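Per-entry structural report
If you want the building blocks of each chain, they are given just below.
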Amino acid sequence: MVLSVSERTFTQEVLESPIPVLVNFEAPWCGLCRIIQPLLLQFKAQYGEEIKLVGVNADQNFKLSNTYKLKSLPTLLLIENGIVRHRLESFRGREDLRRALEEIRVSYSNCPKSYNSTKTADLECRSA
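Residues numbered from 1 in each chain as written. Predicted model: local features only at pLDDT ≥ 70, side-chain atom pairs only at ≥ 80, totals over all residues. Heavy atoms only, no water.

1. Remarks on the overall build of the protein chain
A count of helices and strands for the protein chain gives 4 helices and 5 strands. Across the protein chain, helices and strands are ordered from the amino to the carboxyl terminus as β-α-β-α-β-α-β-β-α. Out of the 128 residues belonging to the protein chain, those deemed buried represent 41%. Counted over contacts in the protein chain with a minimum sequence separation of 6, partners at least 24 positions apart contribute 69%. Just so you have it, the protein chain exposes about 7400 Å², and 53% of that area is on carbon and sulfur atoms. (Helix = DSSP H or I, 4+ residues; strand = E, 2+ residues; numbered from the N terminus. Buried < 20%, exposed > 50% of the residue type's maximum accessible area, 1.4 Å probe, protein only. Contact = heavy atoms within 4.5 Å. Areas by Shrake-Rupley, 256 points an atom, 1.4 Å probe, with all protein chains shown as cover.)

Here it is in structure tokens:
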């Protein structure tokens, strides 16, 4: 199950999360958003408690859509310690997304997994 996040809960659930968060900006009218949902759930299942998956309705959360400069839906952001580590957008289908998630998995597994409350970035692992 995907946690639904709004502008009101975004800071607590995403920016202040002790673990990395994959944010899925979507909309009810977006067909591709529905198509990729099973892949996102599979990705989340692979990581268990090491990563959080949340959904944001871009239409209902206009400030967040503007803040993260959404150009298309779906847009996926991997946010760690309040910093966007990866941005996935403009993919055309499941295979595009599968390759992008694999890229995240590979780069993520190469980064040290020490999470603390500081907001400093490990620039060695940044590929946003």
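We are not done yet, so read on.
2. Some remarks on the pairing of strand E3 (residues 52-57)
The buried fraction of E3 is high, at 6 of 6 residues. The alternating pattern of E3 places Lys52, Val54 and Val56 and Leu53, Gly55 and Asn57 on opposite faces, both of which are buried. Strand direction decides the pairing type here: strand E1 (residues 3-4) and E3, joined by 2 bridges, are parallel. Bridge assignment links Ser4 to a residue of E3, and that residue is Gly55. Examined bridge by bridge, strand E2 (residues 21-26) and E3 share 6 bridges and lie parallel to one another. Bridging across to E3, Glu26 finds its partner in Asn57. Read as a crossover between parallel neighbours, the route from E2 over helix H2 (residues 31-47) to E3 is right-handed. (Pairing = 2+ DSSP bridges. Right-handed = clockwise from strand over helix to strand, strands pointing away.)

3. What to know about the state of the cysteines
Joining two cysteines, a disulfide is a covalent bond between their sulfur atoms. Following the criterion strictly, the structure yields 1 disulfide and no others. Linked covalently through their sulfurs, Cys30 and Cys33 form a disulfide whose S-S length is 2.3 Å. Its torsion about the S-S bond being 85 degrees, the disulfide of Cys30 and Cys33 is classed as right-handed. Accessibility expressed as a relative area gives 4% for Cys30, which makes it buried. (Disulfide = S-S within 2.5 Å.)

4. Some remarks on the nonpolar core
Judged by nonpolar contacts, the single largest core of 17 residues is most densely connected at Leu22, Leu40, Phe43, Leu76, Leu88, Leu97 and Leu101. Among the secondary structure elements, those contributing two or more residues to this core are H2, strand E4 (75-80) and helix H4 (94-110). Counting residues in hydrophobic clusters, the runner-up holds 12 residues, among them Val14, Leu64, Tyr68 and Leu77. (Core = buried A, V, L, I, M, F, W, Y, C linked by side-chain atoms within 4.5 Å.)

5. Some words on the packing of aromatic side chains
Taken as a whole and assessed by the stated rule, the structure comprises 3 aromatic pairs. A centroid spacing of 5.7 Å and a plane angle of 50 degrees characterise the contact between Phe10 and Tyr68, whose relative ring orientation is tilted. With Phe10 in helix H1 (residues 10-15) and Tyr68 in the loop between helix H3 (62-67) and E4, this pair connects stretches of sequence that are 58 residues apart. Phe10 sits in the buried class, given a relative accessible area of 3%. Exposure remark for Tyr68: the relative accessible area of 14% places this residue in the buried category. Between Phe25 and Tyr68 the ring centres are 6.1 Å apart and the planes differ by 45 degrees, which places this aromatic pair in the tilted class. In this pair, Phe25 is assigned in strand E2 and Tyr68 in the loop between H3 and E4, connecting sequence segments 43 residues apart. For the pair Phe25 and Tyr68, one class covers both residues: buried. Counting every residue linked through ring pairs, the aromatic cluster contains Phe10, Phe25 and Tyr68. (Phe/Tyr/Trp six-rings, centres within 6.5 Å; stacked < 30°, edge-to-face > 60°.)

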